[in-house]
Amino acid sequence: MAAVASTTAAGHGAGGAAATLPADFYWGGSTSAFQFEGGASEGGKGKSVYDVPLRSGAKFDTASDFYHHWREDIDLMAQMGFSAFRMSISWTRICPNGDSTVNEEGIAFYRQVFQYLRQRGIAPVVTLYHWDLPLALAGKEAGWLSDRTVDAFLAYSRVCFERFGDLVCDWLTLNEDNLCTMLPAFQLLGPSAFGPNAPQVSEADTYRILHNTLRAHFGAVRLCHELCPGARIGCMLASSLAYPLTPDPVDVIAAQRHNRKTMWDFLDVCTHGTYNPRQAAAMLASGFKPNMRGADGTPFSADVYHMDFISFSYYFSICQADQESAAAEGATTVQTMYASFENPKLAKSSFGWTIDPTGLRILMNELYDRYGLPVMVVENGLGVKDDVLTEDGHVHDDYRIEYLRQHIAAVRATVLEDHVPVLGYLPWGCIDLLSASGDPAKRYGFVYVDFGAKGMPRYRKDSFAWYQHVIATRGAEL
Ligand code: BG6
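1. So, the sheet that holds strand β7 (residues 309-313)
Pairing within the closed barrel is parallel, and its 8 strands lie in the order β1-β2-β3-β4-β5-β7-β11-β12. Pairs of neighbouring strands in the sheet enclose a mean axial angle of 30 degrees, with direction left out of account. Examined bridge by bridge, β7 and strand β11 (residues 375-379) share 4 bridges and lie parallel to one another. Looking at the pairing, Ser313 lines up with Glu379 of β11. In the packing of helix α8 (residues 249-272) onto the sheet, contacts are made with β5 (232-238) and β7, and the angle to β5 comes to roughly 165 degrees. Along the sheet face, helix α12 (residues 398-416) touches β1 (26-30) and β12 (422-425) and points at about 165 degrees away from the line of β12.

Right, here's the structure in full:
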């Protein structure tokens with residue numbers, strides 16, 4: 001169901017000041033179970049790779065304690081006017097041992113959450129897998145290297161579709177699956193892969209991991225369409241949009257290579273059901289020969305495994321360049337999962353990430369031009385350590401308002417001027433949660449969670465009322 005630009009009396013199209021986004025556009029926010037839910041040893045939940053002591057000392061066992069705050073948190077979302085909320089299901093709350101034994105308490109927990117969301121007019125957008133691999137399936141020779149994990153994931157997905165399909169209409173398969181090739185050890189062991197004993201993963205095994213997660217993705221897409229007719233399901237991409245550092249064609253090639261390697265190769269197979277010739281050749285050269293059949297034996301094909309939309313995270317853009325060209329420019333290297341260069345044209349947040357709302361517009365246009373599917377922003381936002389809770393319970397986060405204002409304006413222009421069907425805007429960590437590394441200080445939310453205080457009280461930040469107004473005006477007033 002593609003969103004179309006509204007040009008009714010309430011909105012005057014792209015040029016007018018009162019341009020609104022379509023009535024069925026999803027406004028909301030986004031979380032994941034291991035970073036938000038807590039209740040790790042309650043309700044019959046089994047252990048995931050996040051339920052082991054980590055060097056960081058991260059408190060994933062309690063996180064933001066949504067497990068005990070879900071009604072209050074959903075009320076806060078409803079007050080802001082959310083029409084959708086992205087959350088993930090904790091695999092081991094449903095299948096504690098990673099096998100097909102089902103924990104009815106876990107089913108009951110999520111059913112009451114989904115029911116209450118719907119009661120408050122909020123559509124649940126549910127990620128099946130946001131990195132919390134069952135501990136029983138993890139290991140140096142296991143995790144997503146193993147066919148067993150694919151089978152277990154599909155058994156778990158079937159339970160989710162069968163037991164929640166009457167309440168959930170929008171599904172995402174595996175969070176940021178394209179990171180597989182950049183962080184292969186993470187797909188075996190979860191966060192402990194970042195320790196000193198992280199296993200080296202060969203190129204062939206890296207491709208095997210990618211292939212297995214794709215088999216899991218395809219299997220879930222097929223099951224969803226079979227068991228939940230009318231529901232929509234999509235993949236979830238970690239975007240990493242690269243620009244050429246300069247107009248020198250060698251830099252253009254460097255940016256093109258980066259985008260292809262980190263994004264298009266992955267989306268090509270998700271959308272076409274087959275690896276593009278370049279990636280297929282690289283796989284074969286590594287010694288890995290993919291079996292192009294799903295876990296149910298059906299050959300991969302775009303028809304059978306057709307997904308309904310592409311969802312993605314977008315936080316910043318980067319620059320790529322030919323080494324000699326970068327040296328000539330005196331460019332500063334930025335090392336994350338990959339090396340890139342600082343963009344001299346863009347400002348950075350206090351956390352050091354570039355702020356590039358136009359990049360969000362470029363990305364959505366590029367996705368739609370390439371794949372012709374609707375897109376959904378399921379992560380975006382300003383994660384900084386600057387939020388201060390005042391004595392009278394306020395957080396003056398004008399910097400976050402400014403970031404979001406610019407990014408929502410970019411979404412609006414993408415829909416109303418570029419005519420790209422954007423299904424929704426669900427910024428990350430709408431109620432404060434732990435960062436992926438477990439750091440409670442890096443916050444994204446409209447609601448402040450006092451992690452150190454008894455009962456983890458919630459406080460509305462200034463951005464809360466601002467977002468409420470944005471949603472009430474369907475994006476016309478930013
Ligand atoms: C995405 C993940 O990569 O980025 C989230 O899906 C993560 O789980 C988010 O939290 C933001 O990253 P960080 O490091 O600020 O938590």
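Still more ground to cover, so stick around.
2. Brief notes about the pairing of β5
In terms of burial, β5 is largely enclosed, as 7 of its 7 residues are buried. Across 5 bridges, the pairing between β5 and β7 is parallel. If you follow Gly234 over to β7, its bridge partner there is Phe309.

3. As for helix α5 (residues 147-164)
Here α5 contains 18 residues, and its C-alpha end-to-end distance of 26 Å stays within 8% of the 26 Å for a straight helix at 1.5 Å per residue. For α5, the set of buried residues is Thr149, Val150, Ala152, Phe153, Leu154, Tyr156, Ser157, Val159, Cys160, Phe161 and Phe164. Buried positions along α5 lie against α3 (91-94), α4 (104-119), β3 (123-129), β4 (170-174), α7 (203-227) and β5. The residue sitting at the N-terminus of α5 and contributing the capping side-chain oxygen is Ser146; that oxygen lies 3.0 Å from the backbone nitrogen of Arg148.

4. A few points about the site of the ligand
Residues in close proximity to the ligand total 13 residues, the closest being Glu176, Glu379, Ala436, Lys442 and Tyr444. A distance of 2.5 Å separates an oxygen atom of the ligand from a polar atom in the side chain of Tyr444. Against a free-state accessible area of 380 Å², the protein chains account for coverage of 86% of the ligand. Along the lines of polarity and charge, the residues of the shell around the ligand split into 6 nonpolar, 4 polar and 3 charged.

5. Quick notes on the nonpolar core
For soluble globular proteins, nonpolar side chains are generally found buried alongside one another. If you look at the biggest cluster of nonpolar residues, it comprises 137 residues, and the most contacted ones within it are Phe153, Trp171 and Tyr467. Ignoring any residue separated from it by four or fewer positions in sequence, one finds Tyr467 in contact with Trp27, Gly28, Met80, Phe82, Ile408, Tyr425, Pro427 and Phe446.

Criteria and thresholds
Residues numbered from 1 in each chain as written. Predicted model: local features only at pLDDT ≥ 70, side-chain atom pairs only at ≥ 80, totals over all residues. Heavy atoms only, no water. Pairing = 2+ DSSP bridges. Helix = DSSP H or I, 4+ residues; strand = E, 2+ residues; numbered from the N terminus. Axes fitted to C-alpha atoms, helices over the stretch in contact; angles between N-to-C directions. Contact = heavy atoms within 4.5 Å. Buried < 20%, exposed > 50% of the residue type's maximum accessible area, 1.4 Å probe, protein only. Expected span 1.5 Å × (residues − 1). Polar contact = N/O pair within 3.5 Å; in protein donor to acceptor, adjacent residues only side chain to side chain. Near = heavy atom within 4 Å. Areas by Shrake-Rupley, 256 points an atom, 1.4 Å probe, with all protein chains shown as cover. Nonpolar A, V, L, I, M, F, W, Y, C, P; charged D, E, K, R; others polar. Core = buried A, V, L, I, M, F, W, Y, C linked by side-chain atoms within 4.5 Å.

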